[in-house]
Every structure is written in structure tokens, then in C-alpha cells.
Amino acid sequence: MPLSEHEQRMLEQMERALYAEDPKFATALEGSGLRTYTRRRVYQAAAGFLVGIALLMAGMVAKQIWISVVGFLVMLGCAVLVVTGWRKAPKPGEQGAPGARRQVRQRRSMMDRIEQRWQRRRDEQGH
């Protein structure tokens, strides 16, 4: 169940108060979620990329083409993970994916308009 407009405002006020009182603690709390998970995933993919390079070279030295192909595929897969993980990582100060807060505001404003129309119709009908 989504938060009401009043609850959302209260939450935002509490966040601002936390930043005002202890910005270091607020920043530490902020980084513990999606950003940390994404950073870890990027580092793992970078390590996998290095393993792919090692497999590629080992296949070339051993003159086994299939080992080189496996190494290349590992490198390709890890490169895709690094790029997609890097793009999805939220910046410090953001929560969730980039643009998610804007989408929530747009959705909320649309819901506000719908609720206002509904209230206006009920008032016009005399309920």
C-alpha cells in the first residue's frame, strides 16, 4: 500500500532533519542498499572479465581454440554486466534507480488530479 501524501511529506521532512542533524550518518545509511549491491556486482563482473582474459590467453598458449572462445564469451558477458550495472547504480543522494523519484512524483500528481476530479464530481452530485 503506497504512502499517503501526508505520510510522504512527513517522511521527506524526517529525511531532511536527519541530513541536517548528522549528514555523515545519513550518507552511510543511504549507501547500504541498492548502490552497494550494484557496486559489488560491477566489481565481480570486472574480476570475471580478467578471468576471461586469462582463459583467452591460456587457450592461445595451449592452442585450444575452444578455451579461447570460452574466455571471449566470459569477457563479453562480464563486460555487459559491468556496463549495465554501472548505468543502473544510483548516484550518492539518490534512492533507487535514476529517475525513479521523478516517476513517483509524476504518478502521484496524476493520482492527485484523479482524486480531485472524483471529489469535484461527488461534491457536484451532493454527496
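Computed from a predicted structure; not experimentally measured.

Comments concerning the overall build of the protein
For the protein, the helix and strand inventory stands at 5 helices and 0 strands. Counting from the amino terminus, helix and strand elements in the protein follow one another as α-α-α-α-α. Put simply, 54% of the contacts in the protein that link residues at least 6 apart link residues at least 24 apart. Only carbon and sulfur atoms are counted for the fraction: they give 64% of the accessible area of the protein, which is about 10200 Å².

A closer look at the UniProt feature "transmembrane region" (unreviewed entry) in the protein
Under the UniProt annotation, "transmembrane region" (unreviewed entry) lies at residues 42–59 and 65–86. Secondary structure across residues 42–59 comprises 100% helix and 0% strand; the distance between its end C-alpha atoms is 25 Å.

Digging into a positive patch on the surface
There is a patch of like positive charges on the surface, built from Arg 113, Arg 117, Arg 120 and Arg 121. With respect to the element layout, Arg 117 can be found in helix 5 (residues 100–125).

Considerations on the side chain of Ser 68
By secondary structure assignment, the location of Ser 68 is in helix 4 (residues 65–88). Given the relative accessible area of 10%, Ser 68 is considered buried. Polar side-chain contacts of Ser 68 include one of 3.2 Å to the backbone oxygen of Leu 56.

What about unusual backbone geometry?
Peptide bonds are mostly trans, and most non-glycine residues show a negative phi. Unusually for a residue other than glycine, Lys 63 sits at a positive phi of about 55 degrees. Inspection of the secondary structure puts Lys 63 in the loop between helix 3 (34–61) and helix 4.

Remarks on a nonpolar patch on the surface
A cluster of nonpolar side chains, namely Ile 65, Val 69, Phe 72, Leu 73, Leu 76 and Val 80, defines an oily patch on the protein surface of about 590 Å² accessible area. In this fold, Val 80 is placed in helix 4.

Quick notes on the rules
Residues numbered from 1 in each chain as written. Predicted model: local features only at pLDDT ≥ 70, side-chain atom pairs only at ≥ 80, totals over all residues. Heavy atoms only, no water. Helix = DSSP H or I, 4+ residues; strand = E, 2+ residues; numbered from the N terminus. Contact = heavy atoms within 4.5 Å. Areas by Shrake-Rupley, 256 points an atom, 1.4 Å probe, with all protein chains shown as cover. UniProt positions renumbered as here; feature names shortened; annotations may be inferred. Patch = residues over 30% accessible without salt bridge, like charges linked within 9 Å, V, L, I, M, F, W, Y side chains within 5 Å. Salt bridge = Lys/Arg side-chain N within 4 Å of Asp/Glu carboxyl O. Lys, Arg positive; Asp, Glu negative; His and termini not counted. Charge placed at Lys NZ, Arg CZ, Asp CG, Glu CD. Buried < 20%, exposed > 50% of the residue type's maximum accessible area, 1.4 Å probe, protein only. Polar contact = N/O pair within 3.5 Å; in protein donor to acceptor, adjacent residues only side chain to side chain.

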